[in-house]
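# Structure assessment
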Amino acid sequence: MTIRLKELHPFVSFLYYVCAGVCMMMFTHPLFLSVSILILVGVNILQGTRGKLIRSMPAIACMGLIIIIMNPLFVRRGATVLFYFRHNPVTLEGVAYGMIMAMSLLGIFILFISFNDVIHGRKFLFLFSKVWPQLALLLMITVRFVPLLITRWKDLYHTQKLRGHDMFKGSVKKRSRTGMLYMQKLLTWSLEEALQTAESMNARGFGERKRSHYQLFSFRYSDWGASIVLAGIAGVCVYSAQHGIGTLNVYPQLGTLSFSPSDWLILILFICLMAFPILLEGGSQLRWHVLNSTN
């Protein structure tokens, strides 16, 4: 699904994700984190990446649960002791900090699902090929490599299974041998294609001259306005978080969850920042209806 955020210049889209990620890591109050997670879920639904989000949720939830359990067991800081586990204190502050870390991690993962849909390969190369050309190409190859290997592994598995080589049947020795055969074919296939790609890029003169872009993006006045708004709101949010607004003191003793007027004001700005794609889409829809009604 095409949303307004995808139509902006890649720098503006990238700036939104950087500002959102930095602010999510700076604000540690549970209300800020809860609101950001709900908004990011709404952004993913608006983008049409709800399926990816649902498929990723079990893994993200398991990782968050592990952090919530492991943090109080290994971190013994905190003034409020809940109980003792193997003669080691489990503190309320350790549990609270584990929950905050888990919520931050959950929000960052959901943000990255949206990021992968908006900042695709061409936009990423457009942003970083002039600054770090080798690093940008290496990152793109790395990001593409893992899903490509998974797809090829599934193809190999179904093909070899039809030929009677199933790595999940037989003795341990037979399954290990079949698994190594799969891996050998997978690596041979991938390396052979990598060599062909390198020869093709060399024949086309990759790296010999200044690189041109397959798709050009123009920086319009609306992109300037969106960049200034995003940078301004993010700057205020980061400055406020550095002065304790929107943060929850955990160590050495857990602070209160009470909100001051300045906390509410910064929360409104934070919501505007996180909901920037939704506000853009709402503004576009409103303008479309107004123009249609006048015509």
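Residues numbered from 1 in each chain as written. Predicted model: local features only at pLDDT ≥ 70, side-chain atom pairs only at ≥ 80, totals over all residues. Heavy atoms only, no water.

Going by the annotation in an unreviewed UniProt entry, the name recorded for the protein is Energy-coupling factor transporter transmembrane protein EcfT, with Rossellomorea marisflavi given as the source organism. One UniProt comment on the protein, placed under Subcellular location (unreviewed entry), says "Membrane". (UniProt positions renumbered as here; feature names shortened; annotations may be inferred.)

## Some details on the packing of aromatic side chains
Applying the stated criterion to the full structure yields 18 aromatic pairs. Arranged with centres 4.7 Å apart and planes meeting at 25°, the rings of Phe27 and Phe32 form a pair that is stacked. Since its relative accessible area comes to 0%, Phe32 is described here as buried. Summarising the aromatic geometry, the rings of Phe32 and Phe270 are spaced 5.5 Å apart at their centres and angled 45° between planes, so their arrangement reads as tilted. In this pair, Phe32 is assigned in helix α3 (residues 30–47) and Phe270 in helix α10 (residues 261–274), connecting sequence segments 238 residues apart. Accessibility classification places Phe32 together with Phe270 in one group, the buried group. Here the aromatic residues Phe14, Tyr16, Tyr17, Phe112, Phe115, Phe124, Phe128 and Phe276 are joined through ring pairs into a cluster of three or more. Over the face of the ring belonging to Tyr251 we find Arg77, whose NZ or CZ atom lies 4.3 Å from the ring centre. When the ring centre of Trp189 is taken as reference, the NZ or CZ atom of Arg152 above it lies at 4.8 Å. (Phe/Tyr/Trp six-rings, centres within 6.5 Å; stacked < 30°, edge-to-face > 60°. Buried < 20%, exposed > 50% of the residue type's maximum accessible area, 1.4 Å probe, protein only. Helix = DSSP H or I, 4+ residues; strand = E, 2+ residues; numbered from the N terminus. Lys NZ or Arg CZ within 6 Å of the ring centre and 35° of its normal.)

## Overview of the packing of helix α4 (residues 50–74) against helix α5 (residues 92–118)
Taken N-terminus to C-terminus, the directions of α4 and α5 make an angle of 160°; their axes are 8 Å apart at the nearest point. It follows that α4 is roughly antiparallel to α5 by the angle criterion. As α4 runs across α5, the sense of the crossing is right-handed. In this structure, α4 uses Lys52, Leu53, Ser56, Met57, Ile60, Met63, Gly64, Ile67, Ile68, Asn71 and Pro72 to contact α5, whose residues at the interface are Gly94, Val95, Tyr97, Gly98, Met99, Met101, Ala102, Leu105, Leu106, Phe109, Ile110 and Ile113. For the contact of α4 with α5, the per-class residue count stands at 17 nonpolar, 5 polar and 1 charged. (Axes fitted to C-alpha atoms, helices over the stretch in contact; angles between N-to-C directions. Parallel < 35°, antiparallel > 145°, perpendicular 65-115°, else oblique. Left-handed = near helix turned anticlockwise from the far one by under 90°. Contact = heavy atoms within 4.5 Å. Nonpolar A, V, L, I, M, F, W, Y, C, P; charged D, E, K, R; others polar.)

## Concerning helix α6 (residues 121–128)
The element α6 is extensively covered by neighbouring structure, given that 6 of its 8 residues are classed as buried. Residues of α6 that are buried: Lys123, Phe124, Leu125, Phe126, Leu127 and Phe128. Packed against the buried residues of α6 are α1 (4–7), α2 (10–26), α5 and α7 (133–162).

## Comments concerning unusual backbone geometry
Look at the link from Tyr251 to Pro252: it is a cis peptide, with omega at 0°. Tracing the sequence through the fold places Pro252 in the loop between α9 (221–242) and α10. A positive phi is found at His87, a non-glycine position, where the angle reads about 70°. Looking at the element boundaries, His87 is found in the loop between β1 (81–85) and β2 (88–91).

## Some points on the UniProt feature "transmembrane region" (unreviewed entry) in the protein
Feature annotation in UniProt assigns "transmembrane region" (unreviewed entry) to the following positions: residues 14–41, 53–74, 95–115, 135–153, 221–241 and 261–280. Counting secondary structure, residues 53–74 comes out at 100% helix and 0% strand; the distance between its end C-alpha atoms is 30 Å. Across residues 95–115, helical content stands at 100% and strand content at 0%; the span's end C-alpha atoms are separated by 30 Å.

## A word on the pairing of β2
Summarising the sheet, β1 and β2 pair through 4 bridges and their orientation is antiparallel. The partner of Val81 across the bridge, within β2, is Thr91. (Pairing = 2+ DSSP bridges.)

## Side note on the nonpolar core
By size, the foremost hydrophobic cluster in this structure holds 53 residues, and its most contacted members are Leu5, Tyr16, Tyr17, Phe27, Phe270 and Phe276. Only α2, α3, α5, α6, α9, α10 and α11 (276–294) provide two or more residues apiece to this core. Apart from residues no more than four positions distant in its own chain, Leu5 is found in contact with Ser13, Tyr16, Tyr17, Val118, Phe276, Pro277 and Leu280. (Core = buried A, V, L, I, M, F, W, Y, C linked by side-chain atoms within 4.5 Å.)

## Details of the layout of surface pockets
Gaps left between atoms are located by rolling a probe of water-molecule size over the structure's atoms. Counted as a void, the second largest pocket has a volume near 280 Å³. Along the walls of the second largest pocket sit Phe112, Phe115, Asn116, Ile119, His120, Gly121, Phe124, Leu139, Met140 and Val143, which together make up its complete lining. Of all the secondary structure elements, the ones that give two or more residues to the lining of the second largest pocket are α5, α6 and α7. Residue composition of the lining of the second largest pocket, by class: 7 nonpolar, 3 polar and no charged. Residue-level mapping places the lining of the second largest pocket at the junction of two domains, with at least three residues from each of domain 1 (4–119 + 221–294) and domain 2 (132–204). (1 Å grid on protein atoms, 1.4 Å probe; cavity = no way out; pocket = protein on both sides within 12 Å on 5 of 7 lines; lining within 4 Å. Points joined across faces, edges and corners; volume = space filled by probe spheres on them. Domains from an automatic or database assignment.)

## A word on the environment of Pro261
Topologically, Pro261 is positioned in helix α10. Residue Pro261 is classed as exposed on the basis of its relative accessible area of 70%. Note: C-alpha distance between Pro261 and Asn249 (12 residues apart in sequence) is 18 Å.

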